[in-house]
Every structure is written in C-alpha cells, then in structure tokens.
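One-letter residues, chain by chain:
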Protein chains: 2
Amino acid sequence: MREIGIGLIGCGIVGSGTAALLTDNADLIASRVGAKLVVRRIAVRDLSKIREVSIPAELFTTNVDDVISDPDIDIIAELVGGVDPAKAWIEAAFAAKKQVVTANKELMAKHGHALVQIAQENKLDFYAEGSVAGGIPIIAAMGESLAANRIQAVMGIVNGTTNFILSKMADEGASFDDVLREAQALGYAEADPTADVDAHDARYKIAILASIGFGTPVDESSVISEGIRTITARDIAVAKDLDHVIKLVAVAEQWEDQGTMHVRVHPALLHKDHPLASVNGAYNAVLVRGDGVGDTMFYGRGAGSLPTGSAVVGDLIAVSRNLVSGSTGRVHRPANANLRMLPRELVKSKFYVRMTAKDLPKVLSQVSNVFGDFDVSIESVIQRANNKDEAEIVLITHKCLEESFRGAVDVAERLPVVTGVHNWIRVEA
Amino acid sequence: MREIGIGLIGCGIVGSGTAALLTDNADLIASRVGAKLVVRRIAVRDLSKIREVSIPAELFTTNVDDVISDPDIDIIAELVGGVDPAKAWIEAAFAAKKQVVTANKELMAKHGHALVQIAQENKLDFYAEGSVAGGIPIIAAMGESLAANRIQAVMGIVNGTTNFILSKMADEGASFDDVLREAQALGYAEADPTADVDAHDARYKIAILASIGFGTPVDESSVISEGIRTITARDIAVAKDLDHVIKLVAVAEQWEDQGTMHVRVHPALLHKDHPLASVNGAYNAVLVRGDGVGDTMFYGRGAGSLPTGSAVVGDLIAVSRNLVSGSTGRVHRPANANLRMLPRELVKSKFYVRMTAKDLPKVLSQVSNVFGDFDVSIESVIQRANNKDEAEIVLITHKCLEESFRGAVDVAERLPVVTGVHNWIRVEA
C-alpha cells in the first residue's frame, strides 16, 4: 500500500493529539484513504520535553527545515500557532511543493487569504479545519457540504474559555474575577487571559468563518470585539429572570444586495430557546444560515488535544485522498465577493440596559421618555425596588442604532432621579 | 468556462429544490467549482404537471433513458425514491459511466452497499447526502471530516413528522390521534402516516448512518423499530415532571472489541439537558461520538424542497470538483468492519414504566420486590394518588436486559394490587 509522508511542525497540545490519532487509528485511516499516513519527522523546540504520546525519538528534530525539505514528506502540518515564524514556514513549504495543513487561527485570520492564493496558484492543498472550533467540521461544512448555498449569516460560540466562565458564573452566581481565578487554577484559562476574555481569539475565528462563508477577505482588525470582563453576576441573574442567558457570541452577517457585511464579537443576551443558549462549558457551536438549507448548527468540543487533532487528521485525510487521486488543489475558495464592512454606527441591535433610580413616582416615564427622544423604542421593562430604597430598572429595546442607544443612555444617566447606569449588553434574536 | 452536464430523474419536492438552487445560485456555484453546472434533461412522469420552479419545457422528458444515455450529461441525480425502478436506473447510469447522486433513503438502506461497490469498481462517484436528515451534512461529516475517528455511536432525531407530532403533543397536552389529524391537515404527515409514525423512515436512515459510521453493511430489516402510536399525553406529562422529554430516537452503537453493534429506533425519554432534547418541530439533529472528537452534533431542517436540495446540490458540487480535477471515485467508503448485530435480548437499556395500583400501604414495596426478583434495580420512583382512589406509580430502572424488564412487568401486572400497566418506554442517557 502506498505511503504518504506526514511532517509535523510542533508537538504541543494539538500536535500530540494529531500524532496520537494517526497512530491509534492508523489501520482504519489507511482503509479509508487507500494509503498509509506515516509521520516521518516532527520539529519541536525542545527535544528533552516529555510528550503525551509515544513517538520514536529519531523522528524529532529541532530544525524545521529538516521537515520542510524532506523529500519523503508530502504533507506538512503546522501546529505551532502565531504569525512568526509560522507564516514563513508555510511559505517555504509551498515553495518546496508540499501540501499544508494548519490549525493556526491568528495566521489564518491575518494572512489566510494570501496563503490560499499561493496554494491555489500552485495547485497545492491548504486546509485549516483545526483553526476554528476544535473538532467541529465547520470549515468543510461551509466550503464544501453547504456550497450550494449563499451563506447569509454565521453566529457562534467559538471560545471555550469564556463560555466556561460565563456558564460557571450562571450556575454558581459567582463573580467574573472569582471564576476566572478558578478557571486559571484548573488550566481552562491562561495566566494571561487577555486573548480569551478580551475576545481576540474569537475575533480571529469569526474573521476566518466570515471570509470563507461570504467569499470575501475580512480584515480581522476591523472586527468589533468586546470581551466579557464587564459582565456581572447581577446581569446574568437579571437576564435569567427575563428567560435569557449571556454568552460571548461571534456574529457575521452579509447583505449582498448592498455589498456589505458586518462582523463582530461581543457578549449578548440570548433567549433560552435560542439554539446557542444551551451550549455550555467548554463546548462550541456555530449556526450557519444558508439561502437553501435555512438554519443549521454544528456543535462539539471547541478545543483540546484529540478534538483539534481530529480536525487536523481529517484535513490530512482529505489531502491524502487528493494525493491518491491526483487532485490536489481540488477545492477552490473564491474570495471575489468584495463585501464592504458596514461601520459599527450603521448596525442596528437590540440592547439590554440595567440602571438604578430613586424609588419615586414617574421615574420610569422619565427614563422611557429619554429613550423615545432618541427614537429608541422599548420592548420590555422590569422595575422593582431593591434593598437600598432604590428601583432597579431593566430595559430591553427594539432594534436601534448603537449611536441612538448610547445617546439615550448618556442623557438618562444624567437625570436627577437616576442613581446609576450599571451595564448595557446587546441582545441577539 | 467548462460546463458539467446534470440530468435529473424526478422533479417533485426534492427535484424542484435542486433545480431552483442550481438556477438561483448558478454564478456562485460556478465560481466555487471552476465549471458551470448545467441542467440538460429532467425525466418526469407527467409533462403537464405545474412545477414550482421555472424550467424551459424542452428540458423535460418522460423517458428516463433520454437522461441516462445523453452523452452531454456527466452526473445523474436520482430524486424519485423507492427501490423500483430507481435501483435499475442507477445501475444503468453506472453502466453508462455516469456519476450518480441520490436522495433515496429506502434504496440506500436496502441496496446502498451493493451500489457503492459498483461505483467504486468503476471509479465512479456515488453520493447520497440527501438521503438522511435533509440539509444536514451528516454523511460528509462522518465519511470525510470525522474520518480520523473510530465512530463509536450515532444517535439522532431523523424523522421530522414524528418530531413535529411529539413536540405538539408536549406543547398542547393533546393526544396522538388529534395531533396526527392536525399534522395531516397541515401537510406535515401523509394520508397514510405509516412510514413515519411506525418508524420505517427513521429505520432506513439510521441503517444508512450506521453503515457509513461503522464501515459495515447493516441489514435494515434487522433494525429494531418501534413507532410513536402508543405514546400518550399522560406519558409526556409524567416525563416532564421527571425533567424529561419524549422523542423518537434512532440509535446505533458499536463495540468493536467484541465485533458487535446494535441499531434501533424507538421512542425514548431524554433528560431535558440532553443535546437532542431541545430539537423541536420539523428539525432533525444527529449526535456522533468519535474516539478523537468526542461528542459532536449536527442540526438543521430534516426535509423540504430547498434544504434537501441543498444536500443534493452539495453532492453535485463535490462530484463536479472531482470531475474538474479528474478524481472521481476519490472517497472510498470501506465496509470491512463486519460487525454482527447484537440481538435485542442482549442489549441493556433503562426503562420507564407507568402503572396504576390500589392506593394501599406497601403497594410500592410489592411492586419493587417484583423488579428486584428479576434483577432490575430501580433508579427513581414517583407514586401519587390519582383522582380514582388509585396510586399512579412511575418507575425508572437502571440499565437492564429488556427480557428481565419485561419479565418483571408481566409479573407486576398480575399482582392483585396492580390495576394496570399503561406504558413502558426506553430511557436514553
């Protein structure tokens, strides 16, 4: 049986899961591909590090060029992450006529379009299923299975760390800071949690999904991203009273007739019957709306060694099938839609706002008049006395421009009866 | 730009959705494939029938051979359903070296293995995404994206009609008969509802999923299938009190180390936090458990013209990409696992049973003694007086053999204190 040579760059969490699946399921994979997938070299930074998977020592090298220039290696999997030097390695791999698989979200978000171009010009494969949502095959779904559809919108929970934190805050009524510390102690959050809690990770992922779904390059730096540090236990409790949960959602919408799209990541209230509302803990899920298929959802583990390894090895199998059948470069990902990013000021949302006011007659009418002055109409209101002789007022607006909403909040905050505006959060329908 | 000739056999619900997407999204699809997909002939039974999609009259023919033998047709989509004559048409298409796409679940369940063999021997493509769960790309997910995994279990809600009926019974507290009549009036259920409510449709679908997931031919006639006619509004209400919903589930499990599998369709209680519990109305969802990826779920519209058309056109795009890159027959689906079907008597399940008894002391201990005599241990019990001076007793057992459970129920039913055993239903964890 033909052998296909695999080279890995990186043998950390994703690399060891990839190696484990290639080893444990070798026979099964060979029967599915019609060829044996054989790991020939693995480039690592530190040869002395203990790996979670048993691999013959002679496969390891600290010289990435040993992998890229090995004539017996057909496919290179870049599993290190970050832009430098991963980008240069992948370019070198293409120059050496190697097929490439990656799980690198930052690289795909920042340079995916340029790298896809190089691959396509050279009829080489370049697959990146592991870069978004771990083991969930969302890139293949959008680029292949749902290719009959105009993708109209994508909405997902694509960051496991923040979903774990928000789920635990909801379950335990605990504060963000307390749960973050616990998540760090458990290894679910990094010592520096910025990439997750400030939504950079989710921003990279939705930029990738939007660019594939909409067929247009998306500048990730133009994606609105707001993290979850401001979400309080009180907001979560109030949302629950309103039959909502709070999630960090990544959203991309397009209006092709107008040539525009909008891409954003932010916390949002979701009604408890929303398909994403019950996605808890470290799970991820992505909703895709197509003009033929309607709403579909893809759910699974968003990170971890074997789940992300499943995505990487799935890509290695796809590329190997192309090698066996002589069809590398088989899947084109055209990026010719040229949608413009709609500026934030022009996007309409529903908003939740929580404020306190003196517990006096007509407080609510004063507050709602202010919103009316800004043309923001109100969908629902809760007012109740709290234990400080104040009234807590929670409003949910109908869809309105962010500018109008923020204008109304600014004026409401300065009303003599209002003692504080504590938080506002978007609401997704 | 190269043209790829498409021939359709059938232009009913699925055929017209297929034609509509090929027309409406023609430019988008061409840019994704690098070739134009052009419908050249459509075979129908009745030329005078009004179609929901505008197609030039000269494309229609009543002679299927006009489609199969047309030298300008590269791919044939069989969208008629049933075994005869669809099977003969597909065999004729293979003999004419045509690629084939189908949405025919009965044919795939009964003869899929043999047809895949013919296709593979001739290096022809044979895709059938539309045969299971409408627009949800579950066959591609299992056969391609998740191909790194040993698939351990598949569990789904794959029949929209029964899910609509059960969802409506739960929402309205209505009886099966009343909701069935309503579903028939709305067109959600057929005049003869047997295929749906007696679970034949779901049996075909889980047989297909198990055969692809486990890589073994599955004899659909050996799949246990029990329908939903016996489910009462009372069962649904009692299940709700126990935080469960009742769904028609299709389940396939394998124990590869023992060389066995089990495939079944039946109503089941699911805990409200189960990922399938919130799949309501006409939606479908399929859970797939792989040894690498863990639990994944795929959700969407399980039927309908455009959703199923999305699956068919997705297959046409995949085959077209293979034609453009010269790689038809690219995806092998080995069926060499040779798993034996575990007989029903050897499968352990949890069971719910609802009975009534005279409202006397020690009734519950008499009943539970009987279950203990059959080695069936009880996980939870509800006993409460009803308005006829009886006690309603609801038991949920731990996992046990069906034989033991039914033995216990038979004996319990004959206890002098027991006034009736009203229903028993499996419980899935």
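The rules we used
- Residues numbered from 1 in each chain as written.
- Chains lettered and ligands numbered in written order.
- Predicted model: local features only at pLDDT ≥ 70, side-chain atom pairs only at ≥ 80, totals over all residues.
- Helix = DSSP H or I, 4+ residues; strand = E, 2+ residues; numbered from the N terminus.
- Rg over C-alpha atoms; globule rule 2.2 N^0.38 Å.
- Buried ≥ 20, exposed ≤ 12 C-beta atoms within 10 Å, placed from the backbone.
- Contact = placed C-beta atoms within 7 Å.
- Pairing = 2+ DSSP bridges.
- Axes fitted to C-alpha atoms, helices over the stretch in contact; angles between N-to-C directions.
- Domains from an automatic or database assignment.
- Parallel < 35°, antiparallel > 145°, perpendicular 65-115°, else oblique.
- Left-handed = near helix turned anticlockwise from the far one by under 90°.
- Nonpolar A, V, L, I, M, F, W, Y, C, P; charged D, E, K, R; others polar.
- Arc of directions from axis to C-beta.
- Least-squares fit on C-alpha atoms with pLDDT ≥ 70 in both.
- Core = buried A, V, L, I, M, F, W, Y, C linked by C-beta atoms within 7 Å.

A. Highlighting the overall build of chain A. Along the backbone of chain A there are 14 helices and 18 strands. By the compact-globule yardstick of 22 Å for 429 residues, chain A fits well, its C-alpha radius of gyration being 24 Å. Along the three orthogonal principal directions, the C-alpha set of chain A runs to about 85 × 50 × 35 Å. Out of the 429 residues belonging to chain A, those deemed buried represent 52%. Within chain A, residue pairs in contact and separated by at least 24 positions form 75% of the contacts whose partners lie at least 6 positions apart.

B. Examining the sheet that holds strand β1 (residues 3-9) of chain B more closely. Residues and elements named next belong to chain B. If you walk across this open sheet you meet the 6 strands as β3-β2-β1-β4-β5-β6, and the pairing is parallel. Pairing within the sheet leaves two strands with one partner each, and these edge strands are β3 (60-61) and β6 (126-127). Relative to β3, strand β2 (residues 36-43) runs parallel, the two being bridged by 2 bridges. Paired with Ile42 across the two strands is Phe60, which belongs to β3. Its contacts with the sheet place helix α12 (residues 305-324) against β1, β2, β4 (75-78), β5 (99-102) and β6, and it is angled at close to 165 degrees to β5.

C. Highlighting the pairing of strand β16 (residues 390-397) of chain A. Residue and element names in this part refer to chain A. Bridge analysis of strand β14 (residues 348-358) against β16 gives 7 bridges, and the strand direction is antiparallel. Directly across from Val353, in β16, lies its bridge partner Leu395. Sheet topology places strand β15 (residues 378-385) next to β16; 7 bridges connect them, and they run antiparallel. Across the sheet, the residue bridging to Ile382 is Val394, located in β16. With antiparallel pairing between neighbouring strands as the criterion, β15 and β16 make up a hairpin whose turn holds 4 residues, including Asp389 at a positive phi of roughly 55 degrees.

D. Focus on the domain arrangement of chain A. Residue and element names in this part refer to chain A. Per the domain assignment, the segments making up chain A are domain 1 (3-135 + 305-324), domain 2 (147-301) and domain 3 (348-428). Placing the centre of domain 1 and that of domain 2 at their C-alpha centroids yields a distance of 28 Å. Ranked by residues supplied to the side of domain 1 that touches domain 2, first place goes to helix α5 (residues 105-121) with 7 residues.

E. Representation of the packing of helix α5 (residues 105-121) of chain B against helix α10 (residues 200-214) of chain B within the structure. Residue and element names in this part refer to chain B. α10 packs onto α5 with a crossing angle of 40 degrees between their chain directions and a minimal axis gap of 8 Å. If you check the angle between α5 and α10, you find them oblique. Regarding α5 and α10, the two cross each other, and that crossing is left-handed. Note on element contacts: α10 touches α5 through Asp201, Tyr204, Lys205, Ala207, Ile208 and Ser211, opposite Lys105, Glu106, Met108, Ala109, Gly112 and His113. The residue makeup of the contact of α5 with α10, split by class, is 5 nonpolar, 3 polar and 4 charged.

F. Up close: the pairing of strand β18 (residues 418-428) of chain A. All names here are of chain A. Sheet analysis places strand β10 (residues 260-271) next to β18, joined by 3 bridges and oriented parallel. The residue of β18 that forms the bridge with Leu269 is Val427. Pairing of β14 with β18, which is carried by 8 bridges, proceeds in the antiparallel orientation. Along β18, the bridge assignment pairs Arg354 with Asn423.

G. Geometry of helix α2 (residues 26-33) of chain B. Residue and element names in this part refer to chain B. For α2, the set of buried residues is Leu28, Ile29, Arg32 and Val33. Here the buried residues of α2 occupy an arc of 125 degrees about the axis, which is enough to place them on one side. Taken together, the buried residues of α2 touch β2 and α12. Downstream of α2 by one or two residues, Gly34 has phi in the positive range, about 80 degrees.

H. Main features of the relation of the copies chain B and chain A. When chain B is fitted to chain A, the residual RMSD is 0.1 Å, and the transformation amounts to a turn of 180 degrees plus an axial shift of 0.0 Å. Put plainly, the chains are arranged around a two-fold axis. Considering only C-alpha atoms, the residue of chain B closest to the rotation axis is Phe298 of chain B, which sits at 2.4 Å.

I. Spatial organisation of the environment of Ser69 of chain B. Residue position: Ser69 of chain B is located in the loop between α3 (64-68) and β4. We classify Ser69 of chain B as partly exposed; it has 15 C-beta atoms within 10 Å.

J. Representation of the nonpolar core. Grouped together as the largest cluster of nonpolar side chains are 280 residues, with contacts concentrated most on Ile206 and Val286 of chain A together with Ile206 and Val286 of chain B. Setting aside chain neighbours within four positions, we find Ile206 of chain B in contact with Val158, Val223, Ala250, Ala252, Val263 and Val265 of chain B.

K. Molecular detail of the interface of chain B and chain A. Between chain B and chain A, the contact holds 51 residues from the first and 51 residues from the second. Counting residues per element, the ones that place at least two in the side of chain B that touches chain A are α2, α6 (138-145), β12 (294-301) and α12 of chain B. Top element by residues in the side of chain B that touches chain A is α12 of chain B. It accounts for 10 residues. Of the residues that constitute the side of chain B that touches chain A, the class distribution is 22 nonpolar, 21 polar and 8 charged. In this sheet, β12 of chain B lies alongside strand β12 (residues 294-301) of chain A in antiparallel orientation, the contact comprising 3 bridges. Considered in β12 of chain B, the bridge of Phe298 of chain A is made with Phe298 of chain B.

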